[in-house]
Amino acid sequence: FDLSLSAAFEIGRAAALSDKAYGQRLLEFRRAGHDFTDALHDRLVGDHFASNDVGALAGATVKDELRALLKTDVLRDLGEGAAEPASAPRPADESGNGIDGLQATLSQPEVQEALCDAISPELEPIAAWLGRLLLLYQVPFHFLVADEALLPPESIRFFYVDPNWLEAALDGAIGLGGESSRDTLFHEIVGDKVRDAAYEALETYRQSL
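In this report, the structure presented in the accompanying data block is examined.

About the criteria used
Residues numbered from 1 in each chain as written. Predicted model: local features only at pLDDT ≥ 70, side-chain atom pairs only at ≥ 80, totals over all residues. Heavy atoms only, no water. Salt bridge = Lys/Arg side-chain N within 4 Å of Asp/Glu carboxyl O. Helix = DSSP H or I, 4+ residues; strand = E, 2+ residues; numbered from the N terminus. Buried < 20%, exposed > 50% of the residue type's maximum accessible area, 1.4 Å probe, protein only. Phe/Tyr/Trp six-rings, centres within 6.5 Å; stacked < 30°, edge-to-face > 60°. Lys NZ or Arg CZ within 6 Å of the ring centre and 35° of its normal. Patch = residues over 30% accessible without salt bridge, like charges linked within 9 Å, V, L, I, M, F, W, Y side chains within 5 Å. Areas by Shrake-Rupley, 256 points an atom, 1.4 Å probe, with all protein chains shown as cover. Axes fitted to C-alpha atoms, helices over the stretch in contact; angles between N-to-C directions. Left-handed = near helix turned anticlockwise from the far one by under 90°. Contact = heavy atoms within 4.5 Å. Nonpolar A, V, L, I, M, F, W, Y, C, P; charged D, E, K, R; others polar. Expected span 1.5 Å × (residues − 1). Bend = angle between axes of the 7 residues up to and from the residue.

### As for the pattern of salt bridges
Scanning all chains against the criterion turns up three salt bridges. Among the ionic pairs, E167 bridges to R195, the shortest N-O distance being 2.7 Å. Placement of the pair is E167 in helix 10 (residues 163-174) and R195 in helix 11 (residues 181-208), with a sequence separation of 28 residues. Note on E167: relative accessible area 24%, which makes it partly exposed. Taking the relative accessible area as the measure of exposure, R195 reaches 16% and is therefore buried. E203 is the partner of R206 in a salt bridge, and the nearest nitrogen-oxygen pair spans 3.7 Å. One end of the pair, R206, and the other, E203, are both in helix 11, three residues apart, so they sit about a helical turn from each other.

Below, the structure written as structure tokens:
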């Protein structure tokens, strides 16, 4: 095991911990993802919404569903009285509630795509911070050069940064505050999108210099 990767992880984590604003944005980003997933999951497993299509439900609101219901003869039906239910109520153990049901919902590709789209606005400031981390702005000098004597005056040294080292630093910064298996699952789903956004922010920042 390359200990430098472990060091990179801790450096990324320490950099994230030292920036309160980044930590707050990351928490809000994760919370927004969980709120969206909860709402979509409830709509998919519940009987209160007319559609089971993820694309329709991802942007739907209760008002949208109410409008759809009012297009039927619901008022006439209310005047005639309640009819017998067409089918038996859904058994409790098949409701899809709980962590297992949530994981089943998140395993659907269309749900993952909808989740990534929903969290895009909250991702932008996080990606900008991570892009600067990839450019080593948040990394103290002594973590990059073991001894200043390696860089004597009036000299130049060439080096490259291992992409795996940068990935480990990203993992340390992105994983900050994860405290449950649900946070881990969320990170697995959106991790690639976060990384892509970070590298895009890196290139944008470089072009502005």
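### A few points about the environment of Q103
With respect to the element layout, Q103 can be found in helix 6 (residues 98-106). Classification of Q103 by relative accessible area gives partly exposed; the value is 35%. Sequence spacing of Q103 and R182 is 79 residues, and the spatial spacing of their C-alpha atoms is 8.4 Å.

### As for the packing of aromatic side chains
Summed over all chains, the structure comprises two aromatic pairs. Aromatic pair Y22 and W129: ring centres 4.0 Å apart, planes at 20 degrees, arrangement stacked. Note that Y22 is positioned in helix 2 (residues 20-45) and W129 in helix 8 (residues 120-134), a separation of 107 residues in sequence. Using a relative accessible area of 1% as the deciding quantity, one classes Y22 as buried. Of the residues examined, W129 reaches a relative accessible area of 10% and is grouped as buried. Between the aromatic rings of Y137 and Y205, the centroid separation amounts to 5.7 Å while the plane-to-plane angle is 85 degrees, which identifies the pairing as edge-to-face. One end of the pair, Y137, is in the loop between helix 8 and helix 9 (141-144); the other, Y205, is in helix 11, with 68 residues separating them in the sequence. The class of Y137 is partly exposed, set by a relative accessible area of 42%. Judged by its relative accessible area of 28%, Y205 falls in the partly exposed class. Over the face of the ring belonging to Y137 we find R132, whose NZ or CZ atom lies 4.3 Å from the ring centre.

### A short note on a nonpolar patch on the surface
There is a patch of nonpolar side chains on the surface, built from F141, L150 and L151 and spanning about 280 Å² of accessible area. Looking at the element boundaries, L151 is found in the loop between helix 9 and helix 10.

### So, the packing of helix 8 against helix 10
Axis separation between helix 8 and helix 10 bottoms out at 10 Å; the angle between their running directions is 145 degrees. Taken as a pair, helix 8 and helix 10 cross one another with a handedness that is right-handed. In contact with W129, L130, L133 and L134 of helix 8, helix 10 contributes L166, A169, L170, A173 and I174. Here the residues of the contact of helix 8 with helix 10 sort into nine nonpolar, no polar and no charged.

### Quick notes on helix 8
In this model helix 8 runs 20 Å from its N-terminal to its C-terminal C-alpha over 15 residues, within 8% of the 21 Å that 1.5 Å per residue would give. Where helix 8 bends most, the angle comes to about 30 degrees, and this point is I126. Positive phi appears at L136, one or two residues downstream of helix 8, with a value of about 70 degrees.

The quantities given are spatial measurements derived from coordinates; they are silent on function.
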